[in-house]
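These are the residues of each chain, in order.
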Amino acid sequence: MKGRSIVWLWCALLFGTVLGVAPQSTIAKPRVQTAKIEINTKGYRPTSLKLRRDVPARVTFVRTTDATCAKEIVLPDFNIRRALPLNQPVVVTFTPTNRGTFTFVCGMNMMRGQLTVK
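All residue numbers here refer to positions counted from 1 along the written sequence of the relevant chain. For a predicted model such as this one, the threshold for reporting local features is a pLDDT of at least 70, and the threshold for listing and counting side-chain atom pairs is 80 or more; totals across whole chains, interfaces and linings nevertheless cover every residue. Excluded from the side-chain calculations are hydrogens and water; all other atoms, namely the structure's heavy atoms, are used.

## Let's talk about the state of the cysteines
Thought 1: Count a disulfide wherever a pair of cysteine sulfur atoms falls within 2.5 Å. Throughout the structure, instances matching the rule amount to zero disulfides.
Thought 2: Free cysteine C106: the closest other cysteine sulfur is in C69, separated by 3.4 Å.

Here's what the structure looks like:
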């Protein structure tokens, strides 16, 4: 009887794999939301991002001009502050856990952008 149970289990797993059905013990990989923001003479492009709550975010900032005060990026609600070297991508990783509207600013708090978390 025990041998039959093993055969049935093996068949169920094989059949599920052929049909594209994953076994219940398979854990889905976490999704990551990504975005890129360029800092140029006109400011942040784009100026706003929409993010999903409880999904890790990876936002890349690239400063392409030296003609602004945006030498660093600050996300005060997430306790993040990073230097932005000219023409070098800087990846900021965080997970928004609350819904709402949050700002990102330059180090002098003059240039502003917005994150909307749904």
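## Examining the sheet that holds strand β6 (residues 80-83)
Thought 1: In this scheme, strands are said to pair when DSSP sees at least two bridges between them. Note on conventions: DSSP H or I runs of at least 4 residues are helices, E runs of at least 2 residues are strands, and numbering of each starts at the N terminus. Pairing is mixed across the open sheet formed by five strands, whose spatial order is β3-β9-β8-β5-β6. Each edge of the open sheet is held by one strand with a lone partner, namely β3 (48-51) and β6. Within this sheet the neighbouring strands show an average axis-to-axis angle of 20°, counted without direction.
Thought 2: Here four bridges tie β3 to strand β9 (residues 112-117), and the two strands are oriented parallel to one another. Residue pairing for β9: L49 is matched across the bridge by L115. Helix axes use the C-alpha atoms of the stretch in contact, all axes being lines fitted to C-alpha atoms, and the angles between their N-to-C directions lie in the range 0 to 180 degrees.

## Re the environment of T47
Thought 1: You can see T47 is positioned in the loop between β2 (43-45) and β3.
Thought 2: Throughout this description, buried means an accessible area under 20% of the type-specific maximum (1.4 Å probe, protein chains only), exposed means over 50%, and partly exposed covers the range between. Classification of T47 by relative accessible area gives partly exposed; the value is 38%.
Thought 3: Spatially, the C-alpha atom of T47 lies 4.8 Å from that of G113, the residues being 66 residues apart in sequence.
Thought 4: Contact criterion: two residues are considered in contact whenever any of their non-hydrogen atoms come within 4.5 Å of each other. T47 has contacts with F104, G113 and Q114, leaving out every residue within four places of it along the chain.

## Topic: the nonpolar core
Thought 1: Only buried residues count toward a nonpolar core. Its members are Ala, Val, Leu, Ile, Met, Phe, Trp, Tyr and Cys residues joined through side-chain atoms within 4.5 Å. Counting residues in hydrophobic clusters, the biggest one holds 24 residues, and the most contacted among them are Y44, F61, I73, L75, F94, F104 and L115.
Thought 2: Of all the secondary structure elements, the ones that give two or more residues to this core are β1 (33-40), β3, β4 (57-63), β5 (72-75), β7 (90-94), β8 (100-106) and β9.
Thought 3: Other than its neighbours up to four places away in sequence, L115 contacts L49, L51, L75, F78, F94, G100, T101, F102 and F104.

## Side note on the side chain of T68
Thought 1: Along the chain, T68 turns up in the loop between β4 and β5.
Thought 2: N or O atoms within 3.5 Å of each other form a polar contact, as long as, within protein, one can give a hydrogen and the other can take it, and as long as residues adjacent in sequence are counted only when both atoms are side-chain atoms. One polar contact links the side chain of T68 to the main-chain amide nitrogen of A70, over a distance of 3.3 Å.
Thought 3: Excluding its chain neighbours within four sequence positions, the residues that come into contact with T68 are I39, N40, T41 and M111.

## Re the sheet that holds β2
Thought 1: The strand order across the open sheet built from four strands is β2-β1-β4-β7, with neighbouring strands paired in mixed fashion. Looking at which strands have only one partner, the edges of the open sheet turn out to be β2 and β7. On average, each strand axis in the sheet is inclined to that of its neighbour by 25°, with strand direction left out of account.
Thought 2: Sheet analysis places β4 next to β7, joined by five bridges and oriented antiparallel. From the neighbouring strand, A57 faces β7, where its bridge partner is F94.

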